[in-house]
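What follows is the residue order along each chain.
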Amino acid sequence: MKDLGQSREDYLEAILVLSQQISSVHNIDIASYLGFTKSSVSTALKHLKKEGLIDISESRAITLTQTGKDIAASTYKRHLFFTEMLTKIGVNPQVASEDACRLEHVISEETFRAIQEYYKKHS
């Protein structure tokens, strides 16, 4: 999977999470979720669409393409894993989630798998 960078991965993850919570995801939903301006989100969505990671319907509803879903699911899986792991070792849940958001983007797939395996064996 190519490295998209934290910002794009965060957008894809946000779309995935929002699509599990509401029936139709729009620009304003993403802006609210991420705490960004609507214009910033619009610009990012144009890039994601151009890269084939999202589709935007005539009603302006945003959906992930299969590639976008795959990236979002992988990022979200990492986020949930690190949030849970950090919380279990005593980190405040809010801090754990914030730290997980940073961790999910900076480690390789190999390192992530190794941490998961180690954690499974030792928890």
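Parameters and conventions
- Residues numbered from 1 in each chain as written.
- Predicted model: local features only at pLDDT ≥ 70, side-chain atom pairs only at ≥ 80, totals over all residues.
- Heavy atoms only, no water.
- UniProt positions renumbered as here; feature names shortened; annotations may be inferred.
- Helix = DSSP H or I, 4+ residues; strand = E, 2+ residues; numbered from the N terminus.
- Expected span 1.5 Å × (residues − 1).
- Buried < 20%, exposed > 50% of the residue type's maximum accessible area, 1.4 Å probe, protein only.
- Contact = heavy atoms within 4.5 Å.
- 1 Å grid on protein atoms, 1.4 Å probe; cavity = no way out; pocket = protein on both sides within 12 Å on 5 of 7 lines; lining within 4 Å.
- Points joined across faces, edges and corners; volume = space filled by probe spheres on them.
- Nonpolar A, V, L, I, M, F, W, Y, C, P; charged D, E, K, R; others polar.
- Arc of directions from axis to C-beta.
- Salt bridge = Lys/Arg side-chain N within 4 Å of Asp/Glu carboxyl O.
- Core = buried A, V, L, I, M, F, W, Y, C linked by side-chain atoms within 4.5 Å.

- Going by the annotation in an unreviewed UniProt entry, the name recorded for the chain is Mn-dependent DtxR family transcriptional regulator, with Faecalicoccus acidiformans given as the source organism.
- We quote the UniProt Sequence similarities (unreviewed entry) comment for the chain here in full: "Belongs to the DtxR/MntR family."

1. Digging into helix α4 (residues 66-88)
(1) Moving on: Along its 23 residues, α4 runs 33 Å from first to last C-alpha, staying within 8% of the 33 Å computed at 1.5 Å per residue.
(2) Moving on: Among all positions in α4, only Gly68, Ile71, Ala72, Thr75, Arg78, His79, Phe81, Phe82, Thr83, Met85 and Leu86 are buried.
(3) Moving on: Looking at the packing, one finds that the buried side of α4 touches α1 (6-21), β2 (62-64), α5 (93-106) and α6 (109-122).
(4) Moving on: Of the residues trailing α4, Gly90 is marked for its positive phi of about 105°.

2. Some remarks on the layout of surface pockets
(1) Moving on: By volume, the second largest pocket amounts to about 180 Å³.
(2) Moving on: Taken together, Asp10, Glu13, Ala14, Val17, Tyr33, Leu34, Tyr76, His79, Cys101 and Glu104 form the lining of the second largest pocket.
(3) Moving on: Looking at the lining of the second largest pocket, the elements with two or more residues in it are α1, α2 (27-34), α4 and α5.
(4) Moving on: Ranked by the residues each element gives to the lining of the second largest pocket, the list is headed by α1, at four residues.
(5) Moving on: A class-by-class count of the residues in the lining of the second largest pocket yields six nonpolar, one polar and three charged.

3. Some thoughts on α2
(1) Moving on: Taken residue by residue, α2 has Asn27, Ile30 and Ala31 as its buried positions. For α2, the angular spread of buried residues about the axis comes to 100°, placing them on one side.
(2) Moving on: Those residues of α2 hidden inside the fold are in contact with α1, α3 (38-50) and β2.
(3) Moving on: Two residues or fewer past α2, Gly35 is found with a positive phi of approximately 75°.

4. Some remarks on the pattern of salt bridges
(1) Moving on: Inspection of every chain in the model, using the stated rule, returns six salt bridges.
(2) Moving on: Among the salt bridges present, the one from Lys88 reaches Glu84, with a minimum N-O distance of 3.1 Å. Highlighted residues: Lys88 and Glu84, both in helix α4, separated by four residues, approximately one helical turn.
(3) Moving on: Judged by relative accessible area, Lys88 falls into the exposed class, the value being 57%.

5. Comments concerning the nonpolar core
(1) Moving on: Counting residues in each nonpolar core, the largest one holds 18 residues, and the members touching the most others are Leu12, Ile15, Ile30, Leu45, Leu48, Ile54 and Leu64.
(2) Moving on: Mapped by element, the contributors of at least two residues to this core are α1, α2, α3, β2 and α4.
(3) Moving on: The dominant element in this core, judged by the number of residues it contributes, is α1, at five residues.
(4) Moving on: In contact with Leu48, other than residues within four places in its own chain, are Arg8, Tyr11, Leu12, Leu53 and Ile54.

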